[in-house]
Amino acid sequence: MSNWYDYPQYFDMLFRDETPVEVAFFEQAFKRYAKRKVRRLLEPGCGSGRLVVAMAAKGYQVTGLDLSDAMLDYMRRKLRRRKLKATCVKGDMTHLAFDKPFDAAFCTYNTFRHLLTEKDAVAHLRSMADSLSPGGIYILGMHLVPEEEYEAVVERFKMRQAGTTLTTTISVPETDEKKRLETLRVKLKAVRASGETIRIQSEFPLRLYTPTQLKRLFKKVKDQFELVESFDFAYDVD
């Protein structure tokens, strides 16, 4: 059984359909909320670089930061293949250090929840604020725990691309509300055109946030950030 992060092409493929709507939302949010012209972008925890590549294709100067060598190497290959330019940096989300500030940044699909402690979450937000120019915006995307009772959902996806069929199941086998942690389990089966089958299973912890807990976190950095608006995953800026 292989690790998800060792196969960035399947990571990329899984979220492929979300990319156009995310990119459109980003550009609408830049126009509506940024108090400066947006050219320089940062994505901390960029993974396979699907959004870095998409925004580079739009003409932005993009920097992607991640800890995974496999993900960064895949992103570099994808940029070369499409004859695009972006900066790929291996680094930690809690200690961002760049020579020049960015106009905007984005971190979606629960990447922020990989920061498992309040200390790391605050460190990231403060480091991000220091990395943005005045008037710049930070788009943060994650699933929140409902305040009311709810039942965990098992998500299943099946898609095809370039002769490969990818079947994915995402579940939460364990939750610890006291520690504010859940275990995310991702199972993938990739069947290539040649008939070769690759099975991948990964489990990793994510920090839990209710809307109230997230607002409480933001209050700790209110001297650097202002929460201007919140949205659901429909990506409708209105």
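Note that the coordinates shown come from a computational prediction; the quantities given were computed from them, not determined experimentally.

Undergrad: Explain the overall build of the protein chain to me, using residue names and the numbers behind them.
TA: A tally of helices and strands in the protein chain yields six helices and nine strands. In terms of C-alpha radius of gyration, the protein chain reaches 18 Å, essentially the compact-globule figure of 18 Å for 238 residues. Projected onto the principal axes, the alpha-carbon positions of the protein chain cover approximately 55 × 50 × 35 Å. Among the 238 residues that make up the protein chain, the fraction classed as buried is 46%. Partitioning the contacts of the protein chain with sequence separation of at least 6, the portion at a separation of at least 24 is 67%. Computed over 40 positive and 33 negative side-chain charges, the separation of the two mean positions in the protein chain equals 6 Å.

Undergrad: I'd love a proper account of the nonpolar core, names of residues and values included.
TA: Phe26, Phe30, Leu41, Met55 and Ile139 are the most contacted members of the largest nonpolar core, which has 27 residues in total. Ranked by the residues each element gives to this core, the list is headed by helix H3 (residues 50-57), at six residues. Ignoring sequence-local partners within four residues, the contact set of Phe30 consists of Val38, Leu41, Met55, Tyr60, Ala104, Ile137 and Ile139. Counting 20 residues, the second largest nonpolar core, distinct from the first, contains Leu65, Leu96, Leu125 and Val221.

Undergrad: Explain a positive patch on the surface residue by residue, including any values.
TA: Together, Arg77, Arg80, Arg81 and Arg82 make up a positively charged patch on the protein surface. Relative to the helices and strands, Arg80 is located in helix H4 (residues 69-81). Assessed through its relative accessible area of 56%, Arg80 is described here as exposed.

Undergrad: I'd like a description of H3, backed by residues and values.
TA: Note on helix geometry: an α-helix contains 3.6 residues per turn, so any two residues three or four positions apart are oriented the same way. Taken across its eight residues, H3 has seven buried, putting it largely inside the fold. Those residues of H3 that fall on the buried side of the exposure criterion are Arg50, Leu51, Val52, Val53, Ala54, Met55 and Ala56. Each element contacted by the buried residues of H3 is listed here: helix H1 (8-14), helix H2 (19-33), strand S1 (40-44), strand S2 (61-66), H4 and strand S4 (102-107).

Undergrad: Which residues make up the pairing of S4, and what values go with them?
TA: By the criterion of burial, S4 is predominantly enclosed, with six of the six residues buried. Handedness of the crossover joining S4 and strand S5 (residues 132-140) through helix H5 (residues 118-131): right-handed.

Undergrad: Tell me about the sheet that holds S1, and name the residues and values.
TA: The parallel open sheet is built from five strands, whose spatial order is S3-S2-S1-S4-S5. Bordering the open sheet on either side are strand S3 (87-90) and S5, each of which pairs with just one other strand. Strand after strand, the sheet turns through a mean of 20° between neighbouring axes, direction not considered. Judged from the four bridges that link them, S2 and S3 form a sheet pairing that is parallel. Its bridge partner being in S3, Gly64 is matched across the sheet by Cys88. Its contacts with the sheet put H4 on S2 and S3, and the angle it makes with S3 is roughly 170°.

Rules behind the numbers
Residues numbered from 1 in each chain as written. Predicted model: local features only at pLDDT ≥ 70, side-chain atom pairs only at ≥ 80, totals over all residues. Heavy atoms only, no water. Helix = DSSP H or I, 4+ residues; strand = E, 2+ residues; numbered from the N terminus. Rg over C-alpha atoms; globule rule 2.2 N^0.38 Å. Buried < 20%, exposed > 50% of the residue type's maximum accessible area, 1.4 Å probe, protein only. Contact = heavy atoms within 4.5 Å. Lys, Arg positive; Asp, Glu negative; His and termini not counted. Charge placed at Lys NZ, Arg CZ, Asp CG, Glu CD. Core = buried A, V, L, I, M, F, W, Y, C linked by side-chain atoms within 4.5 Å. Patch = residues over 30% accessible without salt bridge, like charges linked within 9 Å, V, L, I, M, F, W, Y side chains within 5 Å. Areas by Shrake-Rupley, 256 points an atom, 1.4 Å probe, with all protein chains shown as cover. Salt bridge = Lys/Arg side-chain N within 4 Å of Asp/Glu carboxyl O. Right-handed = clockwise from strand over helix to strand, strands pointing away. Pairing = 2+ DSSP bridges. Axes fitted to C-alpha atoms, helices over the stretch in contact; angles between N-to-C directions.

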